[in-house]
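Analysis of the macromolecular model
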Amino acid sequence: MAETTTVTLSSQALDYPIHVGRGLLAQAGQFLSGTERIFVVTDRIVGNLYLKTLQKALAKFEVNSIQIEGGEAHKTLDTLSALYKAAFSFGLKRNDIVIALGGGIIGDITGLLAATYLRGLPFVQIPTTLLAQVDASVGGKVAVNYEHLKNMIGTFYHPKAVLIDVDTLKTLPPRELNCGMAEVIKYGLIEKSVPGVTPDLLFPMLSGELDAVISRCCQLKAAVVSADPEERLGIREILNLGHTFAHAYETLSQGDIPHGEAVAIGCVKAFETANALEQISTEDVAQLRTYFKQYHLPVSPPPGFSADDVLKCMQRDKKVQQSGTLRLVLPFDSIGQVRIQNNIDPNLIRTVLIQTQAG
């Protein structure tokens, strides 16, 4: 039995469901309609694990698929061009459905394919990593990297549906599962600022069933996205807690630091910044570190990252202001409460970055 959350996009007169349950991959055909043909994009690892199951579930459709190389290094315009060629060879038409089967990278690049090929094709997200299930597959952000910078070319293009089969996490390596928990914890860190939901529920859920945790995260993200579908009102930016720091570490490490671990480091740096601004207590920073350590996530970057390099990379972020000052999501008052803050002094950030605190 699937639990369903709906993203309501009143500005686009479009709603889409997020189905969360077990065994849903084998039932995927029951959730799809309006076409006779489907184009599946996956990577080689996920394809070897789950493509046959999905193809069997879609037996009533004409299905073509392509397996691309995974990893941030392949989230590029060259890979997108290869997908265009495959879509053209398959003869995709405007009502054909594109499916992204895999993690966040597959979802991002497949979504950009769907958004731009023939000026827009319906697509469905079937995320197979925890990070993608709780975050990347929901909300319609689709993109590729450019010149080693994260998600520099992209748009907003929402899926027709998101189908989350929790059973796919059984084959996820422990490190990747922990990376997903970084995004889960992030939701707990912003929960009091999410419009229209009852706060303080996520952290107590962490000791329970993973299904409930994923559903709660999707509920929180759906509430934020519904209130600000294209990040024009500032509400949706709260989802970026820690991410300006995180993207810098990801970029400078050339992918050696995976997204979830970078988010953990970035959230700690955001809390340290707020502490330097006397917005939260030292005890709150220590509590945050405890949350991440429970899932073997780093709370400080590895050696070798200079503060100046990280700051320079942060200043190239999509959200930087023309003045060169930074716009960050920072906690205040207590864990769970965040706000957008402009004109953060780069010198303050440099001070936070050079602090040597034991992880």
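Everything below is about the structure shown above.
These figures come from a predicted structure and were not determined experimentally. (Residues numbered from 1 in each chain as written. Predicted model: local features only at pLDDT ≥ 70, side-chain atom pairs only at ≥ 80, totals over all residues. Heavy atoms only, no water.)

Take the overall build of the protein chain next. Of the regular secondary structure elements, the protein chain holds 12 helices and 11 strands. Relative to the compact-globule value of 21 Å for 359 residues, the protein chain shows a C-alpha radius of gyration of 20 Å, a close match. With the C-alpha coordinates of the protein chain rotated into their principal frame, the extents come out at 60 × 40 × 40 Å. Across the 359 residues of the protein chain, 56% fall into the buried class. Counted over contacts in the protein chain with a minimum sequence separation of 6, partners at least 24 positions apart contribute 72%. Carbon and sulfur atoms make up 51% of the accessible area of the protein chain, which totals about 15,300 Å². Counting 32 positive and 36 negative side-chain charges, the protein chain places the centres of these two groups 5 Å from one another. (Helix = DSSP H or I, 4+ residues; strand = E, 2+ residues; numbered from the N terminus. Rg over C-alpha atoms; globule rule 2.2 N^0.38 Å. Buried < 20%, exposed > 50% of the residue type's maximum accessible area, 1.4 Å probe, protein only. Contact = heavy atoms within 4.5 Å. Areas by Shrake-Rupley, 256 points an atom, 1.4 Å probe, with all protein chains shown as cover. Lys, Arg positive; Asp, Glu negative; His and termini not counted. Charge placed at Lys NZ, Arg CZ, Asp CG, Glu CD.)

One broad trend across soluble globular proteins is that nonpolar side chains are buried collectively. Ile18, Ile214, Leu241, Phe292, Met314, Ile349 and Leu353 are the most contacted members of the largest nonpolar core, which has 73 residues in total. Core analysis: the second largest hydrophobic core is formed by 23 residues, Leu83, Ala87, Ala115 and Tyr117 among them. (Core = buried A, V, L, I, M, F, W, Y, C linked by side-chain atoms within 4.5 Å.)

Before going further, it helps to examine the packing of aromatic side chains. Each aromatic ring pair is specified by the distance between its two centres and by the angle formed by the two planes. The final tally for this structure, using the stated rule, is five aromatic pairs. Aromatic pair Phe203 and Tyr291: ring centres 4.3 Å apart, planes at 15 degrees, arrangement stacked. In this pair, Phe203 is assigned in helix H6 (residues 202–205) and Tyr291 in helix H10 (residues 282–293), connecting sequence segments 88 residues apart. For Tyr291, a relative accessible area of 18% translates into the label buried. Between the aromatic rings of Tyr249 and Phe305, the centroid separation amounts to 5.5 Å while the plane-to-plane angle is 85 degrees, which identifies the pairing as edge-to-face. On the criterion of sequence distance, the pair formed by Tyr249 in helix H8 (residues 243–252) and Phe305 in the loop between H10 and helix H11 (307–314) is long-range, its members being 56 residues apart. A relative accessible area of 1% means that Tyr249 is categorised as buried. A cation sits over an aromatic face here: Arg37 above Phe90, 4.2 Å from the ring centre. (Phe/Tyr/Trp six-rings, centres within 6.5 Å; stacked < 30°, edge-to-face > 60°. Lys NZ or Arg CZ within 6 Å of the ring centre and 35° of its normal.)

Listed in full, the buried residues belonging to helix H12 (residues 346–354) are Pro346, Leu348, Ile349, Val352 and Leu353. The buried residues of H12 all sit within an arc of 155 degrees when viewed along its axis, so they share a single face. One side-chain oxygen at the N-terminal end of H12 lies 2.9 Å from the backbone nitrogen of Asn347; it belongs to Asp345. (Arc of directions from axis to C-beta. Polar contact = N/O pair within 3.5 Å; in protein donor to acceptor, adjacent residues only side chain to side chain.)

In this section: the pattern of salt bridges. Enumeration over the complete set of coordinates arrives at 20 salt bridges. Residue Arg22 is joined to Asp211 by a salt bridge in which the shortest nitrogen-to-oxygen separation is 2.8 Å. With Arg22 in the loop between strand S2 (14–21) and strand S3 (37–43) and Asp211 in helix H7 (residues 210–227), this residue pair connects regions lying 189 residues apart in the sequence. (Salt bridge = Lys/Arg side-chain N within 4 Å of Asp/Glu carboxyl O.)

Before going further, it helps to spend a moment on unusual backbone geometry. The residue Asp200 is not glycine, and still its phi comes out positive at about 65 degrees. Within the fold, Asp200 resides in the loop between helix H5 (174–190) and H6. Here His296, not a glycine, exhibits a phi torsion of approximately 55 degrees, which is positive. With respect to the helices and strands, His296 occurs in the loop between H10 and H11.

Where H5 contacts helix H9 (residues 259–276), the axes come no closer than 7 Å and their chain directions differ by 35 degrees. Crossing angle aside, the handedness with which H5 passes H9 is left-handed. Across the interface between the two elements, Arg175, Cys179, Ala182, Glu183 and Leu189 of H5 pack against His259, Gly260, Glu261, Val263, Ala264, Cys267 and Phe271 of H9. Here the contact of H5 with H9 is built from residues that sort into seven nonpolar, two polar and three charged. (Axes fitted to C-alpha atoms, helices over the stretch in contact; angles between N-to-C directions. Left-handed = near helix turned anticlockwise from the far one by under 90°. Nonpolar A, V, L, I, M, F, W, Y, C, P; charged D, E, K, R; others polar.)

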